[in-house]
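For reference, the chains in residue letters:
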Amino acid sequence: MTRTVFVNGDYLPEDEAKVSIFDRAFLMADGVYEVTSVLGGKLIDFAGHSKRLERSLNELDIKKPAVFDDLLEIHRELVRVNEIDDGLVYLQITRGAPGDRDFVFPDPETTEPTVVLFTQNKPGLADSPAAKTGMKIISIEDVRWGRRDIKTVQLLYPSMGKMMAKKAGADDAWMVQDGHVTEGTSNNAYIIKGNTIITRALSNDILHGITRAAVLRFAKEAQMQVEERNFTIDEAKNADEAFITSASAFVMPVIEIDGVSLGDGTPGARTARLREIYLDESRKVAI
Ligand code: PDD
């Protein structure tokens, strides 16, 4: 089945979808994105992703596209026509294609934002084997720009980080700035000590994860303590458990950091419980 994608108002077969070579995202990474997961044909936390998208656009002064209020409908239609049971919807909005290359932003009166959405089919997304085996992490320096709270498409360094991890025989990398963990290449990072979850506080240094917000809320409801503060890689190596969160991985256990096993080297019970609660509760309110 040919995938149907959405480009600037049209639903098209993927091989007929086109964007300009002058698009600001292509030339300057001048665009923002969101990834929303789909479980059982329904969108997980669409409202959270939509709110963060609006904030990202505002922070970069990118005009809201005319279809902004139709985005839920467009997500649903793509899920329907592509018969996605479990998977992801990727959405990207850019400052548009002014028809030439210029560092100065184009006039929003004459250059419309580019809007692209496509689905990724991932059968069994919530039953990933990594949830049972756990992930191995390496630490790398965080050399990204200073506005990581905006979900831009500047993903070269995170992509390089994943390759550094792969080369080292690991699954992902946690980035470290001034001795403290910021986040994973495409996820938020947590450690657990006793009954306490420790994760970096929200600031411009990290993406304000939609999954993070939900998981911390559920953790508090499950009587776990939450400390939003900086932690070091050494503290992480001595933690009882560690995990990451993202819209595509949900809650995923970390079992090794820079070659050091955490606890008994298997996914922790508290992490497993948080994953279960997150998936159960999110499915209940999926739309
Ligand atoms: N990444 N931090 C970074 C740097 C991310 O790229 C992501 C998400 C997160 C987690 O945010 P959320 O829980 O809202 O997905 C944290 C997506 C999944 C991606 O780039 O594919």
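Values in this document were obtained by computation on a predicted structure and should not be read as measured data.

> Pulling in residues and values, what's your account of helix H8 (residues 269–284)?
Taking 1.5 Å per residue, 16 residues should reach 22 Å; H8 reaches 23 Å between its end C-alpha atoms and fits that length. Those residues of H8 not exposed but buried are Thr 271, Leu 274, Arg 275, Ile 277, Tyr 278, Leu 279 and Ser 282.

> Requested: an account of the sheet that holds strand S5 (residues 87–94), with residues and values cited.
Strand order across the open sheet formed by six strands is S2-S1-S6-S5-S3-S4, with antiparallel pairing between neighbours. Pairing within the sheet leaves two strands with one partner each, and these edge strands are strand S2 (10–13) and strand S4 (42–43). Inspection of the sheet shows strand S1 (residues 4–7) paired to strand S6 (residues 114–121) by two bridges, in the antiparallel sense. Note on S6: the bridge partner recorded for Phe 6 is Leu 117. Lying on the sheet, helix H3 (residues 71–81) is in contact with S1, S2, strand S3 (31–39), S4, S5 and S6; it crosses S6 at an angle near 35 degrees.

> Quick rundown of the domain arrangement of the chain? Include the residues and the values.
Taken domain by domain, the chain holds domain 1 (4–123) and domain 2 (130–285). Computed from C-alpha atoms alone, the centre-to-centre distance between domain 1 and domain 2 is 26 Å. Counting from both sides, the interface comprises 21 residues of domain 1 and, opposite them, 21 residues of domain 2. Approximately 1,800 Å² of surface area, both sides summed, lies buried where domain 1 meets domain 2, with 65% of it carried by carbon and sulfur atoms. Remark: the boundary between domain 1 and domain 2 carries two salt bridges. With a shortest N-O distance of 2.8 Å, Arg 147 and Glu 59 are connected by a salt bridge. For the pair domain 1 and domain 2, the number of links is seven residue pairs in polar contact (both at pLDDT 80 or more). Elements that contribute at least two residues to the side of domain 1 that touches domain 2 include exactly S3, helix H2 (46–60) and S5.

> Any details on the pairing of S1? Residues and values, ideally.
The side-chain alternation of S1 yields two buried faces, one formed by Thr 4 and Phe 6 and the other by Val 5 and Val 7. Looking at chain direction, S1 and S2 are connected through four bridges and run antiparallel. Bridging from a neighbouring strand, Val 7 pairs with Asp 10 of S2. Here S1 folds back onto S2 in antiparallel fashion, the turn holding two residues, of which Asn 8 has a positive phi close to 45 degrees.

> So what's going on with unusual backbone geometry? Residues and values would help.
Apart from glycine, the bulk of residues carry a negative phi angle, and the bulk of peptide bonds sit in the trans form. The phi dihedral of Ala 29 is positive, around 55 degrees, even though this residue is not glycine. Structurally, Ala 29 is set in the loop between helix H1 (24–28) and S3. The residue Glu 83 is not glycine, and still its phi comes out positive at about 50 degrees. With respect to the secondary-structure elements, Glu 83 resides in the loop between H3 and S5. Accessibility expressed as a relative area gives 60% for Glu 83, which makes it exposed.

So, how was this worked out
Residues numbered from 1 in each chain as written. Predicted model: local features only at pLDDT ≥ 70, side-chain atom pairs only at ≥ 80, totals over all residues. Heavy atoms only, no water. Helix = DSSP H or I, 4+ residues; strand = E, 2+ residues; numbered from the N terminus. Expected span 1.5 Å × (residues − 1). Buried < 20%, exposed > 50% of the residue type's maximum accessible area, 1.4 Å probe, protein only. Pairing = 2+ DSSP bridges. Contact = heavy atoms within 4.5 Å. Axes fitted to C-alpha atoms, helices over the stretch in contact; angles between N-to-C directions. Domains from an automatic or database assignment. Buried area = accessible area lost by both parts, 1.4 Å probe. Salt bridge = Lys/Arg side-chain N within 4 Å of Asp/Glu carboxyl O. Polar contact = N/O pair within 3.5 Å; in protein donor to acceptor, adjacent residues only side chain to side chain.

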